[in-house]
Each structure stands twice: as structure tokens, then as C-alpha cells.
Amino acid sequence: MPAQQETTTNIREPCVQPPPLVRLQDYDGPLKKTVGLFARELERKSVRPPHYKPGLILCSLDLKDKLSLFGRDTFDPVTFIASAFNAGLDQAENRDPGFGRGASGYGKRLGASFADQASFKFFRDFAYPTIFSEDPRYYRLGQGNTGRRLLHAVDHAFVAHHDNGHRMFNVSEWLGTVSVVALSNVYHPGNERGFAPAARQVGYSIGEDIGLDVLREFWPEIARKFRLPFRAEPAPSDLETNRMMK
């Protein structure tokens, strides 16, 4: 009898898996490969809690899922495109003059730019979410007026979801950003040192993340209007009873 009681106590409600990511072949509009690449990057960290049944929650990401998210984000073609673009800007403005000019200088700036992208994703998608049991995804509201949804997107810079579904302070956003800014001083010889420059860089980075979350929040409407790919709300048939919340 005690064993049966313990088994009953440990039974938890099933969670629902979000739909799989949009594939390039799912999109038949113009420029499908280009738009699809950017859409996948945007949707990879966007989920919407199921609203069709009160109390139902999304399945949390386990260690393997968070590691996979970090790997897919890091080696996504968009990451390399962004690194190349940022390196080009730095080359044009001669940032980090110690890297020099020409192809050699651009190569060093490209490596540093990619290191920035990879470290951001490592700390904020994998390392700190794993340490603090935080879900690194953005939970789209998807309903209500524009002001409420905009506030919800901005709020994500401060409020995230714990792996158990409860809300928590977004530790990964702040601690991850601070860690990356501090680490970048190691391989960016031209960076300004000191508290004020570091604080500005942290502010710029978090502001950029807020902008991306706003775009994630309104992406379904934008996608429908321009026939772009997006991930719809999970349906009841997506329930997986064999996977329990941690």
C-alpha cells in the first residue's frame, strides 16, 4: 500500500509539446528559402502556451533539448550571416584597430563576431537556463489588444518561465548578457574597459532582445499577412501522455 501511494503521488499531469519547427518545404511563397531561414531562427525560441484547456502547460526542455537549441542556434546560417555583417561594419569603422586592415583584419573581426554570437547563445540558451532550471524560450501571448501584447513582450526581459511552468526572474537574460560582455573584453582588444561602457553594452544587448521578442509576439500576424511561415498554437491532439513535467 505505501508503494502504491508513493506512485500515485508522483503522477503528474501530461504536458503538451509545441508543434515542430516550420520547414522550408512548408512555405510556398516567394523567396521561400531566404525568408524561411530567417523565420526558423525567429520561431526556434517562440512558443505559445495552450489556451484550449485551463491548467495545461507546455513540456519543459530537458538538458538535451537545451543543448540542441544552443547548437542549432549557433550553427544556423543566419548566425554566420550576422557575424559576417557585423564584422564588415567593424572593418569599415576600424573598430578593434589592433586586428589590422585587409583580409587578415576582416578574418579576425569575423572570428570575434562569431565568438560573440556563440557565447551569447551558450550562456543564454544553455548554460544559465540549465543551472537555474529556466526555459530559454519566449512564451507568446497571442491574444488581447496590441498594448497588452507589447507589454508582455517587453516583460520577458525580466520575467521568464521555470522548467516547472512557474514564472521566475529572467536570470539567463541578465547574467548571460553580463557574462558575454565581460568575456568579449578578452578577445576584443579595442573594447572600452570600465563599468560605464560595460553597462551601455548590456543595455544595448537587452534592448535588442526586447525588439526580437516584440517581433516574435506579432510574428503570426505578420506571417499571415505576407504568407510567411510561422508556428501555430498547439492542438489537443499534440498531447503526449508519455512525457511528464520535471
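Criteria and thresholds
Residues numbered from 1 in each chain as written. Predicted model: local features only at pLDDT ≥ 70, side-chain atom pairs only at ≥ 80, totals over all residues. Heavy atoms only, no water. Helix = DSSP H or I, 4+ residues; strand = E, 2+ residues; numbered from the N terminus. Disulfide = S-S within 2.5 Å. Buried < 20%, exposed > 50% of the residue type's maximum accessible area, 1.4 Å probe, protein only. Pairing = 2+ DSSP bridges. pLDDT = per-residue confidence, 0-100. Contact = heavy atoms within 4.5 Å. 1 Å grid on protein atoms, 1.4 Å probe; cavity = no way out; pocket = protein on both sides within 12 Å on 5 of 7 lines; lining within 4 Å. Points joined across faces, edges and corners; volume = space filled by probe spheres on them. Nonpolar A, V, L, I, M, F, W, Y, C, P; charged D, E, K, R; others polar.

Here we look at the environment of P197
- In this structure, P197 sits in helix α8 (residues 195-226).
- For P197 and V181, which are 16 residues apart along the polypeptide, the C-alpha to C-alpha distance reads 9.7 Å.

Focus on the state of the cysteines
- Taken as a whole and judged by the stated rule, the model has one disulfide.
- Disulfide pairing is shown between C15 and C59; the S-S distance is 2.0 Å. Its S-S torsion of about 95° marks the bond between C15 and C59 as right-handed, since a negative value means left-handed. Within this pair, whereas C15 is found in strand β1 (residues 14-16), its partner C59 is found in the loop between β2 (46-47) and α3 (63-74), the two being separated by 44 residues in sequence. Taken individually, C15 and C59 each receive the classification buried, so the pair is uniform in this respect.

A look at the sheet that holds strand β6 (residues 167-169)
- Taken in spatial order, the three strands line up as β3-β5-β6 in an open sheet, and their pairing is antiparallel. Strand pairing shows two members of the sheet lacking a second neighbour, β3 (134-135) and β6, which therefore form its edges.
- As paired elements, strand β5 (residues 159-162) and β6 share three bridges and run antiparallel to each other. Across the sheet, residue V159 finds its bridge partner in β6, namely F169.

Looking at the confidence of the model for the protein
- Scored by pLDDT, the protein has a mean of 82; 80% of the residues are at 70 or more.
- Scored below 50 in pLDDT, residues 236-246 shows 35 contacts in the model against residues more than four places distant or in partner chains.

A closer look at empty space enclosed by the protein
- Evaluation of the coordinates by the stated rule reveals two cavities of 30 Å³ or more.
- Quantified by volume, the largest cavity comes out at close to 60 Å³.
- In terms of lining, the largest cavity is formed by Y138, Y139, H152, D155, H156, V159, H161 and R167.
- Sorting the residues of the lining of the largest cavity by element identifies β4 (138-139), α6 (146-155) and β5 as the ones contributing at least two each.
- By residue class, the composition of the lining of the largest cavity is three nonpolar, three polar and two charged.

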